[in-house]
Protein chains: 2
Amino acid sequence: MKARENHRNKAIGIFDSGIGGLTVAREIFRQLPNEEVIYFGDTGRYPYGPRSAEIIKKFSRQNVNFLIEKGVKFIVVACNTASAFALEYLEKIYNIPMIGVVGPGAVAAARASKNGRIGVIGTQGTIASESYQKSLTAINGSLKIFPKACPLFVSLAEEGYIDKPAAKLIADDYLENLKNKKIDTLVLGCTHYPLLKKTIGAVMGGDVKLIDSAEETAGAARAILSELDLGSSAAAAGKRSFFVSDSPEKFKILGEAFLGRRIAKVELIDINSY
Amino acid sequence: MKARENHRNKAIGIFDSGIGGLTVAREIFRQLPNEEVIYFGDTGRYPYGPRSAEIIKKFSRQNVNFLIEKGVKFIVVACNTASAFALEYLEKIYNIPMIGVVGPGAVAAARASKNGRIGVIGTQGTIASESYQKSLTAINGSLKIFPKACPLFVSLAEEGYIDKPAAKLIADDYLENLKNKKIDTLVLGCTHYPLLKKTIGAVMGGDVKLIDSAEETAGAARAILSELDLGSSAAAAGKRSFFVSDSPEKFKILGEAFLGRRIAKVELIDINSY
């Protein structure tokens, strides 16, 4: 029983290509406050979006190796590209429970939609991978899916253009077509997009439910930990550690904006050695 | 004389971290139409901006090795980050004439300014490197330099947000302070920015001369080739070849927008083996 107790009090490992996964981390902090969390942002090799599937698998494997060396009990792939291209591959290789961001978002969207018409927005890579489209169709073959790449949203979020008029104009452009599709649900299929929720919601109107993958992924992580009897038994707030593969100072500044709280320390690691 | 003739008809090699250097290539095509050109875009390892100086030197050296293996006579470092951090280093190692994008832009700006007040815009990396600031001050110590990072301009250019109202609003934000500095010259210190020239010009007003580094670099390349007696003696238009380290299809599509002309073929190479 002691070993079990020790195991359940190990950390949750989260990795992303950079900063975006912090929206998932933020939700995990909120929904699972007593869990220790180790976050790795692969800032030295971001962005993953334009890279080939083989490279994304290799990078993801190194990221998982790092987290396993840190002794985590559970891994959250908080990156849409890595979830789309590497999650299945990772699950075959490693004997550790894992979750990505695509599945939980798709499940929540299928559940939320009343009219079966669902929009999906994401980066060019995520939309081209058709990962949300496939997941949604697997859940319910009669759903009508309307995908749309919104590549500028990532830079807007990173530069703090969150509710400025320019962000609204770009959102108007990107979402104009989706507005004519009579969707009642829209999946924010990119970890950066929750930062633009207000602007996206204003463009789409109050009748369209926005599915925040970050929120859904944290909820799914909580459910899995409970199901596997792996939840922390700690009474105090969990420790949070942050690691990156380049530019820790930049990550700290931008990361605090993404998390909405202070980051005490960001450690630099050599991910290529894993 | 035969050997000399053969040498002068070798190609000009251009490298960049990705697509941006194509604005330099476009100007070289225009100003030196009979030159054969080999372009390498390091799309598998872009962006260079956030990486350390050591890594940028290593990548640049591999890029030059590739171009030299292709038999080029002259190398254009069409990347602001590599020009800032690696050009001097490369010139020490290799016995082949080279040019970067920072020097020609700085020389042209110093020449153009009447009141000695010059603005420089670029990515966060370029502005932080102070490369333009140092080059300008080396030319004329009494120049007053006003630098400003405009990070969203790269994504706007890549997504075709070139003269849309959102681009104008963002340019208004970024350039507002510079407008109060009474500059008469503004250096577009990023290879992506020439695509936004019209919008930047509209914000700054007709009294501010915009210095297009791409144009100036091509002009400087022409002058150096002539000075070294290395200009092509071919009467016909030069051949143009394009190589990348990842995603050739994406480079082709985006590249055609940057070049304003069709790209017949883009070849994938393994740059890590150089």
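Below is a summary of the structure that appears in this document. (Residues numbered from 1 in each chain as written. Chains lettered and ligands numbered in written order. Predicted model: local features only at pLDDT ≥ 70, side-chain atom pairs only at ≥ 80, totals over all residues. Heavy atoms only, no water.)

## Quick word on the interface of chain B and chain A
Across the contact, 25 residues belong to chain B and 24 residues belong to chain A. Of the roughly 1,800 Å² buried between chain B and chain A, counting both surfaces, carbon and sulfur atoms make up 54%. Taken together, the links from chain B to chain A amount to two salt bridges. Between aspartate 173 of chain B and lysine 164 of chain A there is a salt bridge, with the nearest N and O atoms lying 3.5 Å from each other. Of all the secondary structure elements, the ones that give two or more residues to the side of chain B that touches chain A are α8 (152-158) and α9 (165-179) of chain B. If one sorts the elements of the side of chain B that touches chain A by residue count, α9 of chain B sits on top with six residues. Classifying every residue of the side of chain B that touches chain A gives twelve nonpolar, six polar and seven charged. (Contact = heavy atoms within 4.5 Å. Buried area = accessible area lost by both parts, 1.4 Å probe. Salt bridge = Lys/Arg side-chain N within 4 Å of Asp/Glu carboxyl O. Helix = DSSP H or I, 4+ residues; strand = E, 2+ residues; numbered from the N terminus. Nonpolar A, V, L, I, M, F, W, Y, C, P; charged D, E, K, R; others polar.)

## Section: the nonpolar core
For soluble globular proteins, the rule of thumb is that nonpolar side chains tend to be buried together. Membership of the largest hydrophobic core comes to 52 residues, with the highest contact counts inside it found for Phe153 and Ile200 of chain A together with Phe153 and Ile200 of chain B. Those elements giving two or more residues to this core turn out to be α8 (152-158), α9 (165-179), β7 (185-188) and α10 (197-204) of chain A together with α8, α9, β7 (185-188) and α10 (197-204) of chain B. Isoleucine 200 of chain B has contacts with Ile121, Phe153, Leu175, Leu186, Leu188, Tyr193 and Leu210 of chain B, leaving out every residue within four places of it along the chain. If you look at the next biggest cluster of nonpolar residues, it comprises 32 residues, including Ala25, Ile99, Val101 and Leu254 of chain B. (Core = buried A, V, L, I, M, F, W, Y, C linked by side-chain atoms within 4.5 Å. Buried < 20%, exposed > 50% of the residue type's maximum accessible area, 1.4 Å probe, protein only.)

## Remarks on the side chain of glutamine 31 of chain A
All names here are of chain A. The residue glutamine 31 is located in helix α2 (residues 22-31) in this model. Taking relative accessible area as the criterion, glutamine 31 reaches 15% and is therefore assigned buried. For glutamine 31, the side chain forms a polar contact with the main-chain oxygen of glutamate 215, separated by 3.2 Å. (Polar contact = N/O pair within 3.5 Å; in protein donor to acceptor, adjacent residues only side chain to side chain.)

## A word on the sheet that holds strand β5 (residues 117-122) of chain B
All names here are of chain B. Overall, parallel pairing links the four strands, which are arranged β6-β5-β7-β8 in an open sheet. Strand pairing shows two members of the sheet lacking a second neighbour, β6 (144-149) and β8 (209-212), which therefore form its edges. Each strand of the sheet is rotated relative to its neighbour by a mean of 25 degrees, with strand direction disregarded. Relative to β7, β5 runs parallel, the two sharing four bridges. (Pairing = 2+ DSSP bridges. Axes fitted to C-alpha atoms, helices over the stretch in contact; angles between N-to-C directions.)

## Here we look at the packing of α2 of chain A against helix α11 (residues 213-227) of chain A
All names here are of chain A. The interhelical angle for the contact between α2 and α11, taken along N-to-C directions, is 45 degrees, at an axis separation of 8 Å. In terms of their interaxial angle, α2 and α11 are classed as oblique. Relative to α11, α2 is oriented so that their crossing is right-handed. Residue-level inspection shows Thr23, Val24, Glu27, Ile28, Arg30 and Gln31 of α2 in contact with α11, the latter providing Ala214, Glu215, Thr217, Ala218, Gly219 and Arg222. Partitioning the contact of α2 with α11 into residue classes produces four nonpolar, four polar and four charged. (Parallel < 35°, antiparallel > 145°, perpendicular 65-115°, else oblique. Left-handed = near helix turned anticlockwise from the far one by under 90°.)

## Some thoughts on the packing of aromatic side chains
Residue and element names in this part refer to chain A. Applying the stated criterion across every chain, the model contains 22 aromatic pairs over all chains. Aromatic pair tyrosine 39 and phenylalanine 242: ring centres 6.2 Å apart, planes at 45 degrees, arrangement tilted. Placement of tyrosine 39 in strand β2 (residues 37-41) and of phenylalanine 242 in strand β9 (residues 240-244) is noted, with a sequence separation of 203 residues between them. A residue is classified by how much of its surface remains accessible, and tyrosine 39, at 0% relative accessible area, is buried. (Phe/Tyr/Trp six-rings, centres within 6.5 Å; stacked < 30°, edge-to-face > 60°.)

## Quick look at the sheet that holds β9 of chain A
All names here are of chain A. Strand order in the open sheet made by the six strands is β4-β3-β1-β2-β9-β10, with parallel pairing throughout. With partners counted over all chains shown, the strands left at the sheet margins are β4 (98-100) and β10 (266-268), one partner each. Recorded for the sheet is a direction-independent mean angle of 20 degrees between the axes of neighbouring strands. Here β9 pairs with β10 via three bridges, running parallel. When the bridges of β10 are listed, valine 244 appears paired with leucine 268. Sheet strands touched by α2: β1 (12-16), β2, β3 (74-77) and β9. Its angle to β2, the strand with the most contacts, is close to 175 degrees. Helix α3 (residues 53-69) rests against β1, β2, β3, β4 and β9 of the sheet, and its axis sits at about 155 degrees to β1.

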